[in-house]
Amino acid sequence: MDYKTLVEYFEKICGKIRISHDIKPDEFGRNLSEVCTYLRVGKIEVNKTIHGDNRHGEMGPENAICFESKNFDYKRFYTTDSISTGLVDAKYSFYQIKGDDLPFTDEEKNIMKILSVLIFLFSGNLLLTRHLNHVIFHDIRFKDVYNPAFIHFKLGEYIKDGRIGDYGILQYNIQGFSLINKKLGEKPTTEILEKYHEGLTKIFENDPDNKGFDIALGGDNGFIVFRKELKEEVFAYLNSAEFRVKNEKGEEEFVVLKSRFGYNMELEGFSTSHQILATAGQALNSVRKIPGTRFLEYDETFRKKFEMDRKIENWYTDALIKEEFLVYYQPKVDLHNYSLKGAEALVRWIHNEIMIYPDQFIPVLENNQTIKYLDLYMLNHVCQDIKKWLSEGKEVPQISVNLSRATLAMSNLVDVITSTIDKYGIPRSLIQIELTESASDADNEVLRPLVTGLNREGLSTAVDDFGTGFSSLSLIKELPWDVIKIDKSLLKGAHKDGSRDQLMFKSIISMAQTMGLHCIVEGVETKDDVRILKESGCYMAQGYYFSKPKPKADFEALLSTK
């Protein structure tokens, strides 16, 4: 190598000495190798004296090999003067190629001094870049766990280089983690979290460029990006991860972490990391709203439903103002003579001449807590209709109006209901309020003052969907209900003579009547259903066997004139 070529390699080395994500140690090493060949150097070793805090390795190892060939003489070397930054002193030893008997010349030693400075600068910049990357992209609470900044950076890389289709993404939430924290204490809980993230890191073998990575969001939340072939392993870990840890008293505890999560396995077609993260987040939010559900996939069906849900939220307020919600009435029939004995007010939504069915919009409005406005809208419109029919001299039966659980949280709800009815000047006895018991003790505690208050104000109340799994016999016993509305699921099981389902069905009716409560069964669809009701002593029915829910005008035609 001539001197001109040597200068060119020095320029290449200098060109790598900058703080950048593009620093490539391998390329620097190749250029360094060429210079070492020119200098007759077989190995370069650095010895550092570190004066600062190096607990996390920010300043690199104290002793390291910068360059090494297979052929060097460990007895013949030249060591430079110390290079110092105040925090680090470094000396570089250049070992001569084995078999070369000529000692290093002064010119070669001068070049070595220059080269040692360049290596010092490059390694310092490289360490600084790595440290900055660690600070920028890692969660400082845990070892080798990345933070949200990294997921945007990495997903951007995957999108740019066309690898995004090889990966899936999920957002998870560890269930019951607050209870674990309360039971074990802060320090053991943090240790469990560390072990949890370590387990995920092992799955990816600490290889975010290829296999995947774990992102910590909060104490019990995070994102995971993973290669598709690792899906089953990741899912199994989230479904059940077992740990042993000592509590604050020093006693060993066995802890099983189970996570719920939303995931997306088809990431091609998304142009930004924000879009991809949103899909997993939307799926997880839906999981939280569906009792008993542990995970949910963001797929085409989910996407269409999610988009429809957002449209419903956007249309809702205007729909109330424009009165797009219509009251349909489903008759209640007395089986003694098959006469009209009442009706249930049911909501239908006509938007741009298209029917939106209750199972599409009611769950959305319940989840965002805005269904209370629809409940009061329905009560107002039922009262309007009753007032009109009474003014026309019609015989008006009792009409039941449903209130959702979200509405129960309204303050002064009894006053709101009674004042609405009284505003239209109709008898309170013509309105019945249907309420559904809940699996939540908190919701049921709200029922107590409400049912008692409505009873005190002369309003009839009914337990809706009795027998669906949430009903509490103690609550039936303790509160002054007027009617038990038996769910159709109990009726369907009562057809087999002598079966336990039939025995339970008849026992519920008998119990209710003994307690002075009226019974009605919904979902009556066949002649055989009617037979079962009569044999069981229940003579009030509602269902498609008698009538589908009818528009106001059609129901009005059923009302007789006094």
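What comes next is a walk through the structure. (Residues numbered from 1 in each chain as written. Predicted model: local features only at pLDDT ≥ 70, side-chain atom pairs only at ≥ 80, totals over all residues. Heavy atoms only, no water.)

Looking at unusual backbone geometry
Basically, it comes down to this: A run of H or I in DSSP counts as a helix once it spans at least four residues, and a run of E counts as a strand once it spans at least two, with each numbered from the N terminus.
A positive phi angle is found at Tyr 338, which is not glycine, with a value near 60°. One can find Tyr 338 in the loop between β13 (325-334) and β14 (339-351).

Observations concerning the packing of aromatic side chains
For the record, the criterion: Pairing of aromatic side chains here covers Phe, Tyr and the six-membered ring of Trp, requires ring centres within 6.5 Å, and sorts the geometry by plane angle: under 30 degrees stacked, over 60 edge-to-face, intermediate tilted. Remark: exposure states derive from per-residue accessible area (1.4 Å probe, protein chains only) relative to the maximum for the residue type, with buried under 20%, exposed over 50%, and partly exposed in between.
Enumeration according to the criterion identifies 28 aromatic pairs in this entry. Judged by centre distance (6.1 Å) and plane angle (50°), the ring pair of Phe 261 and Tyr 263 falls under tilted. Judged by its relative accessible area of 0%, Phe 261 falls in the buried class. Given a relative accessible area of 7%, Tyr 263 falls into the buried group. Summarising the aromatic geometry, the rings of Tyr 545 and Phe 546 are spaced 5.1 Å apart at their centres and angled 85° between planes, so their arrangement reads as edge-to-face. Relative accessible area serves as the criterion here: at 37%, Tyr 545 is assigned to the partly exposed category. By relative accessible area, Phe 546 is classed as partly exposed at 23%.

Observations regarding helix α8 (residues 273-289)
Counted only if it meets this: For a helix, the expected span equals 1.5 Å multiplied by the residue count minus one.
Over its 17 residues, α8 extends 25 Å from the first C-alpha to the last, a length consistent with the 24 Å expected when each residue adds 1.5 Å. Along α8, the residues that are buried comprise Ser 273, Ile 276, Leu 277, Thr 279, Ala 280, Gly 281, Gln 282, Ala 283, Leu 284, Ser 286 and Val 287.

Examining the pattern of salt bridges
Which entries qualify depends on this criterion: Any carboxyl oxygen of Asp or Glu within 4 Å of a side-chain nitrogen of Lys or Arg constitutes a salt bridge here.
By the definition in use, this model includes 29 salt bridges. The partner of Lys 492 in a salt bridge is Asp 529, and the shortest N-O contact between them spans 2.9 Å. With Lys 492 in helix α15 (residues 488-492) and Asp 529 in helix α17 (residues 527-535), the pair connects residues that are 37 residues apart, well separated along the chain. When its relative accessible area of 1% is taken as the criterion, Asp 529 is described as buried. Connected via shared salt-bridge partners are Lys 332, Glu 344, Glu 434 and Lys 485.

What about the nonpolar core?
Test applied: Buried residues of nine kinds, namely Ala, Val, Leu, Ile, Met, Phe, Trp, Tyr and Cys, make up a nonpolar core once their side-chain atoms join them within 4.5 Å. Residues are treated as being in contact if the distance between any of their heavy atoms lies within 4.5 Å.
Core analysis: the largest hydrophobic core is formed by 72 residues, its most contacted members being Phe 325, Leu 374, Ile 431 and Phe 505. Here this core gets nine residues from one element, more than from any other, and that element is helix α11 (residues 371-391). Not counting chain neighbours up to four residues away, the residues in contact with Leu 374 comprise Tyr 316, Leu 320, Phe 325, Val 347, Phe 361 and Leu 365. In this structure, Leu 170, Phe 226, Ala 241 and Phe 261 belong to the second largest nonpolar core, which totals 27 residues.

As for the packing of helix α5 (residues 177-184) against helix α6 (residues 186-204)
Under the convention used in this document: Axis lines are fitted through C-alpha atoms, for helices just across the contact stretch, and the angle between N-to-C directions can take any value from 0 to 180 degrees. Oblique is the label for any angle not under 35 degrees, not over 145, and not in the 65 to 115 range, which are roughly parallel, roughly antiparallel and roughly perpendicular in turn. In this classification, Asp, Glu, Lys and Arg are treated as charged, Ala, Val, Leu, Ile, Met, Phe, Trp, Tyr, Cys and Pro as nonpolar, and every other residue, Gly included, as polar.
At a minimum axis distance of 7 Å, the contact between α5 and α6 shows a crossing angle of 135°. Here α5 lies oblique to α6, going by the angle between them. In this structure, α5 contributes Phe 177, Ile 180, Asn 181 and Leu 184 to the contact, and α6 contributes Glu 186, Pro 188, Thr 189, Ile 192 and Leu 193. Considered class by class, the residues forming the contact of α5 with α6 number six nonpolar, two polar and one charged.

Some points on the sheet that holds strand β12 (residues 295-297)
Operational definition: Whether two strands pair comes down to DSSP finding at least two bridges between them.
Pairing is mixed across the open sheet formed by five strands, whose spatial order is β7-β8-β6-β11-β12. Taken across any chain shown, the strands that pair with only one partner, and hence form the sheet edges, are β7 (212-216) and β12. The mean inter-strand angle of the sheet, taken between neighbouring strand axes irrespective of direction, is 15°. Bridge count for strand β11 (residues 259-264) against β12 is three bridges, and the pairing is parallel. The residue of β12 that forms the bridge with Phe 261 is Phe 295.

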